Amino acid sequence: MNIAIANRLVALRKANGLSQEALAEKLGISRQAISKWERAEASPDTANLMALAQLYGTTLDDLLNTETDAETPQPAEAAPEKPPETALQKKAGAMFKFPFPLLVVILYLALGFIGHLWHPTWLVGLLIPIYYHLAGALKIRKPRARLLAMPVPEAVLLLYLLLGFLLHLWHPGWLLFLLIPLYYWLVGSLYKPKAAAPDGENKQK
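Analysis parameters
- Residues numbered from 1 in each chain as written.
- Predicted model: local features only at pLDDT ≥ 70, side-chain atom pairs only at ≥ 80, totals over all residues.
- Heavy atoms only, no water.
- Helix = DSSP H or I, 4+ residues; strand = E, 2+ residues; numbered from the N terminus.
- Contact = heavy atoms within 4.5 Å.
- Areas by Shrake-Rupley, 256 points an atom, 1.4 Å probe, with all protein chains shown as cover.
- Salt bridge = Lys/Arg side-chain N within 4 Å of Asp/Glu carboxyl O.
- Buried < 20%, exposed > 50% of the residue type's maximum accessible area, 1.4 Å probe, protein only.
- Core = buried A, V, L, I, M, F, W, Y, C linked by side-chain atoms within 4.5 Å.
- Polar contact = N/O pair within 3.5 Å; in protein donor to acceptor, adjacent residues only side chain to side chain.

Caption draft 1: Focus on the overall build of the protein. Looking only at helices and strands, the protein features 14 helices and zero strands. Reading the protein from its N end, one meets helices and strands in the order α-α-α-α-α-α-α-α-α-α-α-α-α-α. Restricting to contacts in the protein with at least 6 residues of sequence separation, those with at least 24 account for 59%. Summed over its atoms, the accessible surface of the protein is roughly 14100 Å², and 65% of this surface lies on carbon and sulfur atoms.

Caption draft 2: Representation of the pattern of salt bridges. One pass over the structure, following the stated rule, counts four salt bridges. Among the ionic pairs, E21 bridges to R31, the shortest N-O distance being 3.8 Å. Placement of the pair is E21 in helix α2 (residues 20–27) and R31 in helix α3 (residues 31–38), with a sequence separation of 10 residues. You can call E21 partly exposed: its relative accessible area is 48%. Here R39 and E41 are joined by a salt bridge, their closest N and O atoms 2.9 Å apart. Assessed through its relative accessible area of 44%, R39 is described here as partly exposed.

Caption draft 3: Summary view of the environment of M50. Summarising the element assignment, M50 is placed in helix α4 (residues 46–56). A relative accessible area of 48% means that M50 is categorised as partly exposed.

Caption draft 4: Representation of the nonpolar core. Core analysis: the largest hydrophobic core is formed by 19 residues, its most contacted members being M95, L138, M150 and V156. Of all the secondary structure elements, the ones that give two or more residues to this core are α6 (87–97), α7 (100–115), α9 (127–138) and α11 (152–167). Setting aside residues no more than four positions away along its own chain, M150 makes contact with L134, A137, L138, Y183 and Y184.

Caption draft 5: Structural detail: the side chain of R13. Along the chain, R13 turns up in helix α1 (residues 3–15). Of the polar contacts made by the side chain of R13, one reaches the side chain of E38; its length is 2.6 Å. If we skip the residues at most four places from it in the chain, R13 touches L18, S19, Q20, L23, E38 and Y56.

This is the structure in structure tokens:
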């Protein structure tokens, strides 16, 4: 066997993520035989060549063709590196790791058993979805998408219930819900997507 074919066998094995031991096990031969093929000290017989072609999903002609570089397996392109995390994303990661639900449960039980404040302190449970929605929003890079993901509806609902249960301001407290569409309208107005300029204008500029 010539050295070019030996190198091709090495490249095909590595491209398929196999060690010499793993390939030998699949073919039912010794690792030393694989090593001799790849050092061009010996050649695989026809049966092993056919087994190699089947294993690598190629033909015998392609397996033994070393004339063109196009047939040589190329290393996979490296995945693009992720941009570094922003300060907000790092803070969001820390928020997800913090056992916030456990803290809320402990707070609720403490207020209930010590101060007999079972109601309306059950409202602290609403802090859990607000907390995680906020953390999820901070993970988003784009300012507009981040603001749209903020837990505004949940926060308004919590404030409305607090005003109702504590101060009996069910009316006009319901007006707080008008803040929700107002918030999204403001975000949409402040962060309008830039429209592409017509071709004529680009040429004039």
